[in-house]
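Now for the letters of each chain:
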Amino acid sequence: MSPATLKVALAGALLLLLATASGVWKVQDWRYGKQLAEQSEAHQADLTAITNAAAAQVRADQEKRQALEQRLAASDKTHHEALTNAQKDQARLRDRLATSDLRLSVLLAEDSTGGCSVPAGTGAGGVVHGGTRARLAPAHAQRIISITGDGDQGLIALAACQAYVREVSR
């Protein structure tokens with residue numbers, strides 16, 4: 001074999017080796033490209049599923065919050081109506097006391113010594129049977145009604161707070 005033939009054979013072998021390497025490189029590129037595309041699609045599907053689940057959770061939380069707000073609004077309306085009714089009743093009672101349409105009286109304890117310092121009301125027109133009663137002055141009756149009104153408002157406010165806590169802690 002002559003040196004020129006050997007050089008041509010060697011160049012041909014090298015060219016064949018380069019062509020094979022290039023072909024293998026191209027095939028691997030296609031194969032890995034396909035795997036990366038599949039992996040990217042799977043990743044995108046996972047992200048879509050996570051996004052959908054998060055959106056569903058947000059919708060469920062919003063629905064719960066709206067339901068709670070509606071229950072609290074209904075409870076607030078109920079307690080506001082109770083408070084308004086109690087205030088109207090108290091104002092009516094105060095007006096009746098002011099016009100002497102109504103008089104408050106207290107039941108006196110029986111005193112064996114007879115040393116009662118409060119004048120007793122007349123028993124002839126009374127509807128209440130039993131012990132001796134004393135009528136309260138209108139100013140004292142007004143103060144008593146004011147105190148009981150404040151107590152009623154406090155009890156209504158307490159009931160509203162308890163209802164709020166029950167609804168929120170559900």
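For clarity, every value in this text was computed on a predicted model and none was experimentally measured. (Residues numbered from 1 in each chain as written. Predicted model: local features only at pLDDT ≥ 70, side-chain atom pairs only at ≥ 80, totals over all residues. Heavy atoms only, no water.)

## Quick word on the overall build of the protein
Move 1: Per the secondary structure count, the protein includes 2 helices and 2 strands.
Move 2: Listed by position from the N terminus, the elements making up the protein come as α-β-β-α.
Move 3: In the protein, buried positions account for 9% of the 170 residues.
Move 4: Carbon together with sulfur atoms contributes 61% to the accessible area of the protein, which is approximately 13,700 Å² in total. (Helix = DSSP H or I, 4+ residues; strand = E, 2+ residues; numbered from the N terminus. Buried < 20%, exposed > 50% of the residue type's maximum accessible area, 1.4 Å probe, protein only. Areas by Shrake-Rupley, 256 points an atom, 1.4 Å probe, with all protein chains shown as cover.)

## Observations concerning helix α1 (residues 3-98)
Move 1: End to end, α1 covers 137 Å across 96 residues, agreeing with the expected 142 Å (1.5 Å per residue, within 8%).
Move 2: Looking only at α1, the buried set comprises Leu-72, Ser-75, His-79, Ala-86, Gln-90 and Leu-97.
Move 3: One or two steps after α1, the chain reaches Ser-100, where phi turns positive at roughly 60°. (Expected span 1.5 Å × (residues − 1).)

## A look at the side chain of Gln-90
Move 1: Here Gln-90 lies in helix α1.
Move 2: Classification of Gln-90 by relative accessible area gives buried; the value is 13%.
Move 3: Within the structure, the side chain of Gln-90 is placed 3.3 Å from the backbone oxygen of Ile-145, a separation counted as a polar contact.
Move 4: Ignoring any residue separated from it by four or fewer positions in sequence, one finds Gln-90 in contact with Ile-145, Ser-146, Gly-149 and Gln-153. (Polar contact = N/O pair within 3.5 Å; in protein donor to acceptor, adjacent residues only side chain to side chain. Contact = heavy atoms within 4.5 Å.)

## Observations concerning the packing of aromatic side chains
Move 1: Scanning the model with the defined rule gives 0 aromatic pairs in all.
Move 2: A cation over a ring is seen here: Arg-31 above Tyr-32, with NZ or CZ 5.7 Å from the ring centre. (Phe/Tyr/Trp six-rings, centres within 6.5 Å; stacked < 30°, edge-to-face > 60°. Lys NZ or Arg CZ within 6 Å of the ring centre and 35° of its normal.)

## Remarks on the confidence of the model for the protein
Move 1: Overall, the predicted model of the protein reaches an average pLDDT of 85, with 88% of residues at or above 70.
Move 2: When pLDDT is averaged over each element of the protein, α1 comes out on top at 91 and strand β1 (residues 105-107) at the bottom at 82. (pLDDT = per-residue confidence, 0-100.)

## Some remarks on the pattern of salt bridges
Move 1: As enumerated under the stated definition, the model contains 4 salt bridges in all.
Move 2: The salt bridge partner of Glu-69 is Arg-65, with a shortest N-O separation of 3.2 Å. In this pair, Glu-69 and Arg-65 both sit in helix α1, 4 residues apart, roughly one turn of the helix.
Move 3: With relative accessibility at 41%, the residue Glu-69 sits in the partly exposed group.
Move 4: One salt bridge in this structure joins Arg-170 and Glu-167, with 2.9 Å as the shortest N-O distance.
Move 5: Here the salt bridges do not stand alone but share partners, grouping Arg-71, Glu-167 and Arg-170 into one network. (Salt bridge = Lys/Arg side-chain N within 4 Å of Asp/Glu carboxyl O.)

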